[in-house]
Amino acid sequence: MTSSRRAVVASTPQTAPAAPAAKRDRTHYLYIAVIGAVALGIAVGLIAPDLAVELKPIGTGFVNLIKMMISPIIFCTIVLGIGSVRKAAKVGAVGGIALGYFLVMSLVALAIGLVVGNVLEPGSGLAMTDAVKQAGQGQVSAEALPPVEFVLSIIPTTMVSAFTEGQVLQTLLVALLTGFALQAMGAAGQPVLRGVEHIQRLVFRILAMVMWAAPLGAFGAIAAVTGSAGLDALKSLAVLMLGFYVTCFLFVFIVLGLLLRAVTGLNILTFLRYLGREFLLILSTSSSESALPRLIAKMEHLGVGKSVVGITVPTGYSFNLDGTMIYMTMASLYIADAMGTPMAIGEQIPLLLFLLVASKGAAGVSGAGLATLAGGLQSHKPALVDGVGLIVGIDRFMSEARALTNFAGNAVATVLIGTWTKEIDRERVSRVLAGELPFDEKTLLDDGAAPADVHADVPEQGGEKAPVTA
């Protein structure tokens, strides 16, 4: 062997191996297709409204596919989060802080809606017809429960029925009990935790497959909404819609933005950009529930502790409805003005506080915003129920802003509560938001560690999560 040949051989081990070619993220095309589907759906709704309305089952079917995954994802997330934390007091602290924060932010949202509604007075000068009155009465939902019955409804008939009936709060209760039981079992519960981790990976993989139907679902949902409402309803109620959208925008970017900056130092635009695909999904389906599983996965990927994510996100979807609070405030004032019976401040505040409580009883009800509004007015101020028919035509368009605001509020709440409880990896947050640790769209999970090692990064006692190796 020549000396030059020996030199080449000797230098070979010191040469860094070529990095494997990175696989292209094909989900990028998926969300481009969603945008195209939304545009096509609007066009079909305007050109052929009768045909567009018939397409509604397509959008409904996609949202139902997502909802099918919510209960098992919540169960696995909470069980893994609680079961891997040694001290139960930490979990209780997270829940207490979350509920306190949700109550305060609901009151802030109501106050903002109250101010804007009194300034705009968008309902003045509208006329009521018999058809409008009947439409309003038809929105009173029997599903909204009074507070005591609502609390009792959280208890499922059996442990399994919580999953089969799709009740988020029932699933939350079963998951909490299971997590605390595994926590008490100590080492004996570790095999069960590993099994739940495998199930979680399976469920998220199924969800990633379901997401490929998003363009079809977006097309059907948007086409049906556009075809059923048309332009006339939008023109007559443009002031209310515009005022509501602007109010939601200000709430997210000023109230939540300042709070996020003050507590965590994060920029609200950078944070919401990380959740861009989820916002697009909500916008196209008009349902914040369609993004709930992805929010759980993305918050864990961001670096928030499993126990914080598992408790804050599912609870927030029932109790932290900032957009719905703003909607009910502005809609109540709008209806009162339109019916020629404007309310004084002394009448507004008790009504809105009643709606704040009533909205918790309607958690999980389909179309909860409109149903809660009608049910609350029926119980507290029946004379205004007829006026609900005035906003039926544009409720679906307003539900877009409701859902987007609710989602943003829950995402910010998760990071804030993670910071207050010191269950967040700040270094990882910075790297993820900077794009250094991209989210895995194929599995919706970080697969860097084997299931058996998943809990190695969860602290036994207080303190921030140890950095997670990507």
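See the structure shown above.
### A short note on the nonpolar core
One broad trend across soluble globular proteins is that nonpolar side chains are buried collectively.
Phase 1: Judged by nonpolar contacts, the single largest core of 118 residues is most densely connected at Phe271, Leu275, Met299 and Leu302.
Phase 2: In terms of residues, this core owes the most to one element, helix H4 (residues 56-83), which gives twelve residues.
Phase 3: Every residue in contact with Phe271, bar those within four places of it in the chain, is listed here: Leu260, Met299, Leu302, Ala411, Val412, Val415 and Leu433.

### Things to note about the side chain of Ser332
Phase 1: You can see Ser332 is positioned in helix H17 (residues 322-338).
Phase 2: With near-sequence residues (within four places) excluded, Ser332 lies in contact with Met343, Leu351, Leu352, Leu355, Leu373 and Leu377.

### Some thoughts on helix H21 (residues 426-433)
Phase 1: Turning to H21, its buried residues are Arg428, Val429, Val432 and Leu433. Considered in projection along H21, the buried side chains sweep an arc of 125 degrees and stay on one side of the axis.
Phase 2: Where H21 is buried, its residues meet helix H13 (268-274) and helix H15 (292-302).
Phase 3: Looking at where H21 begins, the residue whose side-chain oxygen comes 3.3 Å from the main-chain nitrogen of Glu427 is Asp425.
Phase 4: Positive phi shows up at Gly435, right after H21, with a value of about 90 degrees.

### Topic: the environment of Ala403
Phase 1: Here Ala403 lies in helix H20 (residues 392-420).
Phase 2: For Ala403 and Thr324, which are 79 residues apart along the polypeptide, the C-alpha to C-alpha distance reads 8.0 Å.

### Regarding the packing of aromatic side chains
Phase 1: Overall, the coordinates contain six aromatic pairs when judged by the stated rule.
Phase 2: Centre to centre, the rings of Tyr101 and Phe102 are 6.1 Å apart; their planes meet at 65 degrees, and the pair counts as edge-to-face. With respect to burial, Tyr101 and Phe102 carry one shared label: buried.
Phase 3: Among the aromatic residues, those joined into a ring-pair cluster are Tyr101, Phe102 and Trp420.
Phase 4: Directly above the aromatic system of Tyr274 lies the positively charged group of Lys298, at a separation of 4.8 Å from the ring centroid.
Phase 5: The cationic tip of Arg402 hangs over the ring face of Tyr327; the distance from NZ or CZ to the ring centre is 4.2 Å.

### Digging into the pattern of salt bridges
Phase 1: For the structure shown, the criterion picks out five salt bridges.
Phase 2: The partner of Glu278 in a salt bridge is Arg294, with the nearest N and O atoms 2.5 Å apart. Residue Glu278 is located in helix H14 (residues 276-285), and its partner Arg294 is located in helix H15; the two are separated by 16 residues in the primary sequence.
Phase 3: The class of Arg294 is buried, set by a relative accessible area of 2%.
Phase 4: Glu278 is paired through a salt bridge with Lys298; the nearest N and O atoms lie 3.2 Å apart.

How each quantity is defined
- Residues numbered from 1 in each chain as written.
- Predicted model: local features only at pLDDT ≥ 70, side-chain atom pairs only at ≥ 80, totals over all residues.
- Heavy atoms only, no water.
- Core = buried A, V, L, I, M, F, W, Y, C linked by side-chain atoms within 4.5 Å.
- Buried < 20%, exposed > 50% of the residue type's maximum accessible area, 1.4 Å probe, protein only.
- Helix = DSSP H or I, 4+ residues; strand = E, 2+ residues; numbered from the N terminus.
- Contact = heavy atoms within 4.5 Å.
- Arc of directions from axis to C-beta.
- Polar contact = N/O pair within 3.5 Å; in protein donor to acceptor, adjacent residues only side chain to side chain.
- Phe/Tyr/Trp six-rings, centres within 6.5 Å; stacked < 30°, edge-to-face > 60°.
- Lys NZ or Arg CZ within 6 Å of the ring centre and 35° of its normal.
- Salt bridge = Lys/Arg side-chain N within 4 Å of Asp/Glu carboxyl O.

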